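Remarks on the overall topology
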Amino acid sequence: MMKILLVEDNPLDIDLATRDLLRAIPGVQVDVATGVGEALAALRPGAEFDVVLTDLRLPDGSGLDVVSHVRQANLPCAVVVLTGQGDEDTAVSAIKAGADDYVAKRNGYYSRLPQIVAEVSGRFRTAHDSPNVRNGTA
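Presented here is an overview of the structure given in this document. Bear in mind that the values here come from a model prediction, so they are computed numbers and not experimental data.

1. A closer look at the overall build of the protein chain
Per the secondary structure count, the protein chain includes 6 helices and 7 strands. For the protein chain, the succession of helices and strands along the chain, N to C, is β-α-β-α-β-β-β-α-β-α-β-α-α. The C-alpha radius of gyration of the protein chain comes to 14 Å, within 12% of the 14 Å expected for a compact globule of 138 residues. With respect to the principal axes defined by its C-alpha atoms, the protein chain has extents near 45 × 35 × 30 Å. For the protein chain, buried positions account for 43% of its 138 residues. In the protein chain, the share of contacts with a sequence separation of at least 24, taken over all contacts with a separation of at least 6, comes to 62%. When the accessible area of the protein chain is evaluated, it comes to approximately 7,300 Å², of which 50% is carbon and sulfur surface. Across the protein chain, the mean location of the 13 positive side-chain charges is 4 Å away from that of the 19 negative side-chain charges.

2. What to know about the nonpolar core
Residues Leu-5, Val-7, Leu-43, Val-52, Val-70 and Val-81 are the most contacted members of the largest nonpolar core, which totals 23 residues. Looking at this core, the elements that each hand over two or more residues are strand 1 (3-7), helix 2 (36-42), helix 3 (63-72), strand 6 (78-83) and helix 4 (88-96). The residues contacting Leu-43, other than those within four sequence positions of it, are Leu-5, Phe-49, Val-52, Val-66, His-69, Val-70 and Leu-75. In terms of nonpolar packing, the next biggest core, distinct from the first, is built from 21 residues, Met-2, Ile-4, Ala-17 and Leu-113 among them.

3. Digging into the pattern of salt bridges
Throughout the structure, instances matching the rule amount to 7 salt bridges. Asp-20 is the salt-bridge partner of Arg-23, the closest N and O atoms lying 2.2 Å from each other. Residue Arg-23 and its partner Asp-20 are both found in helix 1 (residues 11-24); the two are separated by 3 residues, about one turn of the helix. Judged by relative accessible area, Arg-23 falls into the exposed class, the value being 64%.

4. A closer look at helix 1
Between its first and last C-alpha atoms helix 1 spans 20 Å; for 14 residues at 1.5 Å apiece the expected length is 20 Å, and the two agree. Along helix 1, the residues that are buried comprise Asp-13, Ile-14, Ala-17, Thr-18, Asp-20 and Leu-21. Along the axis of helix 1, the buried residues cluster in a sector spanning 165°; they form a single face. Structural note: helix 1 exposes Pro-11, Leu-12 and Arg-23 on the side pointing more than 90 degrees away from its buried face.

5. Here's the deal with helix 5 (residues 113-128)
Taking 1.5 Å as the rise per residue, helix 5 with 16 residues should run 22 Å; its terminal C-alpha atoms sit 22 Å apart, in good agreement. Buried within helix 5 are the following residues: Leu-113, Pro-114, Ile-116, Val-117, Val-120, Ser-121 and Phe-124. Within helix 5, the buried residues cover an arc of 155° as seen down the axis, which keeps them to one side. Among the exposed residues of helix 5, those pointing more than 90 degrees away from its buried face are Gln-115 and Thr-126. Taken together, the buried residues of helix 5 touch strand 1, helix 1, strand 3 (51-55), helix 3, strand 6 and strand 7 (101-104).

Conventions and cut-offs
- For every chain, the first residue of the written sequence is number 1, and numbering continues from 1 along that sequence.
- Where totals are concerned, whole chains, interfaces and linings use all residues; where local detail is concerned, this predicted model gives features only for residues with pLDDT of at least 70, and gives and counts side-chain atom pairs only at 80 or more.
- As a rule here, side-chain values cover all heavy atoms of the structure and leave hydrogens and water aside.
- Numbering of helices and strands starts at the N terminus; helices are DSSP runs of H or I of at least 4 residues and strands are runs of E of at least 2.
- Two things to know: the radius of gyration comes from C-alpha atoms, and the globule rule equals 2.2 Å times the number of residues to the power 0.38.
- In this scheme, a residue with accessible area under 20% of its type's maximum is buried, one over 50% is exposed, and one in between is partly exposed, where area comes from a 1.4 Å probe on protein chains only.
- Throughout, a contact is declared for two residues whenever any of their heavy atoms are within 4.5 Å.
- The protein chains shown are the only cover counted for residues, whose accessible areas, like all others here, come from Shrake-Rupley with a 1.4 Å probe.
- Charge assignment: positive for Lys and Arg, negative for Asp and Glu; neither His nor the chain ends contribute.
- Charge coordinates come from a single atom per side chain, which is NZ of Lys, CZ of Arg, CG of Asp or CD of Glu.
- Grouping buried Ala, Val, Leu, Ile, Met, Phe, Trp, Tyr and Cys residues that are joined through side-chain atoms within 4.5 Å yields what is termed a nonpolar core.
- Each salt bridge in this description consists of a side-chain nitrogen of Lys or Arg and a carboxyl oxygen of Asp or Glu lying within 4 Å of one another.
- Here a helix's expected span is defined as the number of its residues, less one, multiplied by 1.5 Å.
- Working note: the arc is built from the helix axis to C-beta atom directions.

What follows is the structure, encoded as structure tokens:
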């Protein structure tokens, strides 16, 4: 079973994204955090999320704080930053912070989330299941 943490404060975005993920990914579990504080609490050791989808602008901080926490804690999950800002600088900042992907929130983006989740999750597992990574030589 795939486990996703959706970090989003907009109720409509939460509803639409959750519906599309539940409909498209059999057996998926979607947990929701509405801010950085809730996300960091959910991302405690042992929580074992496969993917974190985080909005960039949150009421108590930035989605980049969530990305940084995941990477600094060395949590084994892919991270995708979602934002209404579709500019190149924002995308570069997200990737530099350690995000695996970046999605602009426009044109029914939530309907593409299941495919994006599958792709980043697959890439993350492949990169972290290689023998060099397991042996600590990567």
